[in-house]
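Read off the chains here:
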Amino acid sequence: MAAVDVDVYDNEMMRTLTLGGHVGFDSLPDQLVSRSVSQGFCFNILCVGETGIGKSTLMNTLFNTVFESEESSHYQSGVYLRPKTYELQESNVHLKLTIVDTVGFGDQVNKEESFKPIMDYIDTQFANFLEEELKIKRLLCNYHDTRIHACLYFISPTGHSLKSLDLVTMKKLDSKVNIIPIIAKADSISKCELQKLKIKIMSELVSNGVQIYQFPTDDEAVTEINSSMNSHLPFAVVGSREEVKIGNKLVRARQYPWGVVQVENETHCDFVKLREMLLRVNMEDLREQTHTRHYELYRRCKLEEMGFKDPDSDTQTFSLQETYVAKRREFVSELQQMEEDMRQMFVNKVKETEAELKDRERELQERFEQLKRMHQEEKRTLEEKRRELEEEMNSFNRRKMTAETLQALSIPNKKP
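Residues numbered from 1 in each chain as written. Predicted model: local features only at pLDDT ≥ 70, side-chain atom pairs only at ≥ 80, totals over all residues. Heavy atoms only, no water.

K.L.:
Describe the pattern of salt bridges, and please don't skip the residues or the numbers.
P.N.:
If you walk through the whole model with that rule in mind, you get 26 salt bridges. Residue D101 pairs with R82 through a salt bridge whose shortest N-O separation is 3.6 Å. Of this pair, D101 sits in strand β3 (residues 93-103) while R82 sits in strand β2 (residues 80-90), and the two are 19 residues apart along the sequence. The burial state of D101 is the same as that of R82; both residues are buried. (Salt bridge = Lys/Arg side-chain N within 4 Å of Asp/Glu carboxyl O. Helix = DSSP H or I, 4+ residues; strand = E, 2+ residues; numbered from the N terminus. Buried < 20%, exposed > 50% of the residue type's maximum accessible area, 1.4 Å probe, protein only.)

K.L.:
Before we move on, can you summarise unusual backbone geometry with the specific residues and values?
P.N.:
The omega torsion across L233 and P234 is -10°, close enough to zero to call that bond cis. Here P234 shows up in the loop between α7 (223-230) and β6 (235-236). Here the phi dihedral of N64 falls at roughly 55°; this positive angle occurs in a residue that is not glycine. Along the chain, N64 turns up in the loop between α3 (55-62) and β2. Notably, S91 is not glycine yet its phi reads approximately 60°, a positive angle. Along the polypeptide, S91 turns up in the loop between β2 and β3.

K.L.:
Can you break down helix α5 (residues 164-173) residue by residue, with the values?
P.N.:
In an α-helix there are 3.6 residues to a turn, and that puts residues three or four apart on one side. Taken as a whole, α5 has its buried residues at L165, D166, L167, T169, M170 and L173. In the core, the buried residues of α5 are packed alongside α4 (116-133), β4 (150-155), β5 (179-183) and α6 (191-207). (Contact = heavy atoms within 4.5 Å.)

K.L.:
How would you sum up the confidence of the model for the protein? Please name residues and give values.
P.N.:
Of the residues in the protein, 93% reach a pLDDT of 70 or more, and the chain-wide mean stands at 86. For the stretch residues 1-6, pLDDT sits under 50, and the model shows two contacts to residues farther than four places along the chain or on other chains. (pLDDT = per-residue confidence, 0-100.)

K.L.:
An account of the nonpolar core is requested, with residue identities and associated values reported.
P.N.:
Judged by nonpolar contacts, the single largest core of 74 residues is most densely connected at F43, L152 and L278. Beyond its immediate stretch of four places on either side in the chain, L278 contacts F43, I45, L62, A150, L152, I180, M283 and L286. (Core = buried A, V, L, I, M, F, W, Y, C linked by side-chain atoms within 4.5 Å.)

K.L.:
An account of the side chain of D174 is needed here, citing residue identities and associated values.
P.N.:
Along the chain, D174 turns up in the loop between α5 and β5. Separated by 3.1 Å, the side chain of D174 and the backbone nitrogen of Q211 make a polar contact. Leaving out residues up to four positions away in the same chain, D174 has contacts with I179, G209, V210, Q211, R293 and H294. (Polar contact = N/O pair within 3.5 Å; in protein donor to acceptor, adjacent residues only side chain to side chain.)

K.L.:
Can you break down the packing of aromatic side chains residue by residue, with the values?
P.N.:
If you walk through the whole model with that rule in mind, you get 10 aromatic pairs. Ring centres 6.3 Å apart and planes at 90° place the aromatic pair F105 and Y153 in the edge-to-face group. With F105 in the loop between β3 and α4 and Y153 in strand β4, the pair connects residues that are 48 residues apart, well separated along the chain. With a centroid separation of 5.4 Å and an interplanar angle of 35°, the aromatic rings of F126 and Y298 are classed as tilted. With F126 in helix α4 and Y298 in helix α9 (residues 283-305), this residue pair connects regions lying 172 residues apart in the sequence. (Phe/Tyr/Trp six-rings, centres within 6.5 Å; stacked < 30°, edge-to-face > 60°.)

And the structure:
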């Protein structure tokens, strides 16, 4: 109640006044623009799609330049992410652009864990930003923000609906990143089939609870165009850096034997709509949504894991020192418990070892006694045999002496 009374008091003390002349703080928006332009901007795009679906080509077409690209084979053992950062300038605006490619996505026979490296990468960027934010001496103004602002999810036009891998991956990522689904290589199917595919994709996304990025309609300046563009999702795009002469001018297009597909012709594909929504109208909203929605969700979960929590009521005050002390006490208690468990485990292990040694000693003693008895028995047997042999020898010697005596007595009687 005390906090409410203070708020009411503050509202009652607040007054709206009319200025008697020009002061100058109406130049704040201009100051913000000048400062933002001088600092530059960063924008990070994650391209999720199968190998060869046209991710690199579309990026080159979007930014009207040629980025470094490496051809990837279809025989990757797993999925890994390859980020590359570029410095771009348009007029006097500098943009630090990071494009992250998902190499090997969807190429494995077992695709159950294909989404995991992507989630780990996104969480790592959030963790790096949170670590910088929690430092005592922060340098956020110069920090290279690598958090993903937009995820362009490339959908193959070959099927009649979304693949299981697409649904599972988008469902896992929708709480971590702004997902913009696009149908790649849209010139490979007819216009009628394309419209049916769009309806089918949106229906499956809704029925499976996948939350894709919706262009904001709360700003009157962009309400009309964003409302219209939301109805065109997913965008069916065609990318190309080749220039084809149409009439008297060169246009970016794809040349086929049967005709030409113009990239920037809105009757041919939705490339212009994608570029308008992604770069010209909603880039700042994508950056803001990343910070205020996805990063805040990650930050809140991490801080709760670390033991921080908001006061239960408005009357309670949040004390970082008390939270730290409580968490430290909890950590010390857990450490002591772990030490006690380890000590008890060590004692139990020593007792088990002692018991095993005693059993082994008893077995050895029994074996020794057994061998001792066997030795005594054999010794007794040998003694008996020795006595028998001695008796036989004595008997033999007596008979020998008797024989010799008889022989000596018989010799004189034989003389003439």
